[in-house]
Each structure stands twice: as structure tokens, then as C-alpha cells.
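Summary of the model geometry
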Amino acid sequence: MHTPPRPLIIDGPKGAIVHADGPALRIDVFDRASTRFPLRTLSRVISAPGVEWKDLAIRACLSVGIPILFRDEQGNCLGYMLHTQRERHDLYERLSILVTRTDGSQHYQDWKDAALRRAHLKFVHLIDHHLQDLRPATVIKAFENIWIQCGGTENELATLRTLVTGIAVSWIADHSIPEEVEGIDARYPFLIDISELLFWHLMVFWRFERPKWANPQQLASWLWKHDENLKNQAYELVWLLICAMEGW
């Protein structure tokens, strides 16, 4: 039975070195046995601070379309690397035409605001929280309070957001959308907006399941269960954007 590729979290001690080792990545840490991860088993890689990447290891990932994300000490996403020399997908072609129209900016903003409001309302309804003020900042604050009450930390929350960004980046890679589409221009921070919407979609599962984790790898394992669901949600969100812009 084929096992779907999974994210790899490199969260070991500082001094870890990532090498290319044939069709695999090899991680060396002083005084420890090397670990080897076949590229075919990886969907993306999230790298902690202090991990050294050899050039051939980066090339090995990018050559087969595996994104690499880098996070800081607090768990925040510093940036990512993604192979961009792919054929353009129909989603990109249609989106790039629509956003260049004179009303493209307004349609994009309306889509984002409506999608975020729906996500916030769904979460508020789920937690049965009688919020009178449903502005994004208020909903986010209410969520953060619940997160802390459930034992979550700021570092875990930042790491979770980075992992969700990884799903968004993987979805972009899966659909062969060139990297420049993610920010079509300053008005359209596509990757940031999709990541935020997917995060709120995921929080519905978090609230129901109340998962516990002791490290980023366990957090990623829980998130992996919802990987396909979130990618399907990304596809649906983008089609809603296209439909809104085309006036359906």
C-alpha cells in the first residue's frame, strides 16, 4: 500500500547537517547515528534554527518539488525555498488575468474579507463565545485566550502557523503555480492570505479534537492527518476567488 509523503521536521540540536545521499536526505549530528529520509517519502521539510544545509541537499529537494521552510527560535516562518520552473497551471493562468483588471484589487479584497469573516464566525459559533465585536483583532484575541487556557504556548502557536504555511506552499507546488503568483503584486499577498484562511479552517479540528503534543514533530503528525483536507480547502478557496472575479 502506498503511503502518502509526509512532512519532515528537522528539530534536532544545533549543529545538525543535512546532506544529499543519493535519492535521500541524510542528517548528521555529532556523536549520533546518521538518519536517512528517502525523498519520495517527503512532502516538505521544515527546518529549525542552527541546522546547516549543504547545497546538494537543497538542490535534491527542489529538483523533485519538495519545499523547504525555515523557522526561527520562536517557531515563526522565516522564509521558504520552492522550485519554480514548472508548467503553469490553469488556476494561475486564470488568476493572473483576473487580477490585472481594474476591479481586480477590490474583488480580491472582498473575497479575502468574506472568507476570513466566515472562518471567524464559524470558530466563534463553535466555541459558543458571545462576542459582540467580531472584528478580526477581537476574534484573534479570544482565540489566543482559549489557546492559552488549553495549555498551548506562543511558540507552539507560531510553529503551528509555520506548518500550515508549509501546507499552503505544498499546495502551490502541487498545482504548479509559479512562485510569483503568491504575491502577484503588493496588493495580493496570496500565500499569506491562503495560509491564514487554512489556519482558521484547521482550528475547527483543533477545537473538536483537543490534541496534545510534546514537540514539533508530534504537532506535525497531528496536522498531517488533515493535510489533504486543508489542500482541498485551498483549492475551494481559490476557485471561489476566481468565480467572484469572473462574476459567477
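Each chain has its residues counted from 1, running along the sequence as written. The model is predicted, so local features are restricted to residues of pLDDT at least 70 and side-chain atom pairs to those at 80 or more, both for listing and for counting; the totals for chains, interfaces and linings are taken over all residues. Working from all heavy atoms in the structure, the side-chain values ignore hydrogens and water.

The next subject is the pattern of salt bridges. For this analysis, a salt bridge means a side-chain nitrogen from Lys or Arg found within 4 Å of a carboxyl oxygen belonging to Asp or Glu. Evaluation of the coordinates by the stated rule reveals 11 salt bridges. The closest approach of N and O atoms between Asp-11 and Arg-71, which form a salt bridge, is 2.3 Å. A residue pair is termed long-range when its members are at least 10 positions apart, and Asp-11 in the loop between β1 (6-10) and β2 (17-20) and Arg-71 in strand β7 (residues 68-71) qualify at 60 residues. Residue classification places Arg-71 among the buried positions, given a relative accessible area of 6%. Across the pair Arg-44 and Asp-227 runs a salt bridge whose closest N-O atoms are separated by 2.4 Å. Remark: Asp-227 occurs in helix α8 (residues 227-246) and Arg-44 occurs in strand β5 (residues 42-47); sequence separation between them is 183 residues. Neither Arg-44 nor Asp-227 differs from the other in exposure class; each is buried. Several salt bridges share partner residues, and in doing so they unite Asp-21, Arg-26, Asp-28 and Arg-36 into one network. Numbered from the N terminus, helices here are DSSP runs of H or I no shorter than four residues, and strands are runs of E no shorter than two. Exposure categories follow from relative accessible area, calculated using a 1.4 Å probe and restricted to protein chains: below 20% of the type maximum is buried, above 50% is exposed, and the middle band is partly exposed.

A separate point is the packing of aromatic side chains. Only centres within 6.5 Å qualify two rings of Phe, Tyr or Trp (six-membered ring in Trp) as a pair; their planes then separate them into stacked at under 30 degrees, edge-to-face at over 60, and tilted for everything else. A complete count under the given rule lists 13 aromatic pairs for this structure. Geometrically, the ring pair formed by Phe-143 and Phe-199 is edge-to-face, given 5.7 Å between the ring centres and 85 degrees between the ring planes. In this pair, Phe-143 is assigned in helix α4 (residues 136-149) and Phe-199 in helix α6 (residues 190-209), connecting sequence segments 56 residues apart. Neither residue differs from the other here; Phe-143 and Phe-199 are each classed as buried. Through a chain of ring-to-ring contacts, three or more aromatic side chains come together here, namely Phe-123, Phe-143, Trp-147, Phe-199, Trp-200, Trp-206, Trp-213 and Trp-222.

The buried count for β1 comes to 4 of 5 residues, which makes it a mostly enclosed element. Strands are labelled as partners when DSSP assigns at least two bridges between them. Bridge count between β1 and β5: 5 bridges; the pairing is parallel. Considered in β5, the bridge of Ile-10 is made with Ser-47.

The 4 strands lie next to each other as β1-β5-β7-β8, forming an open sheet whose pairing is mixed. If you trace the sheet from one side to the other, it starts and ends with β1 and β8 (77-81), each paired once. When strand polarity is set aside, the average angle formed by the axes of neighbouring strands in this sheet is 20 degrees. For helices, the axis comes from a line fit to the C-alpha atoms of the stretch in contact; other axes are also lines fit to C-alpha atoms, and the angle between any two N-to-C directions lies between 0 and 180 degrees.

Among the nonpolar cores identified, the biggest contains 53 residues, and Phe-143, Leu-160, Ile-194, Trp-206 and Leu-223 are the most heavily contacted of them. Counting only elements with at least two residues in this core, the list comes to α2 (90-98), α3 (104-126), α4, α5 (154-174), α6, α7 (216-224) and α8. In terms of nonpolar packing, the next biggest core, distinct from the first, is built from 20 residues, Ala-16, Ile-58, Ala-60 and Ile-66 among them. For the purposes of this section, nonpolar cores are sets of buried Ala, Val, Leu, Ile, Met, Phe, Trp, Tyr and Cys residues that join through side-chain atoms within 4.5 Å.

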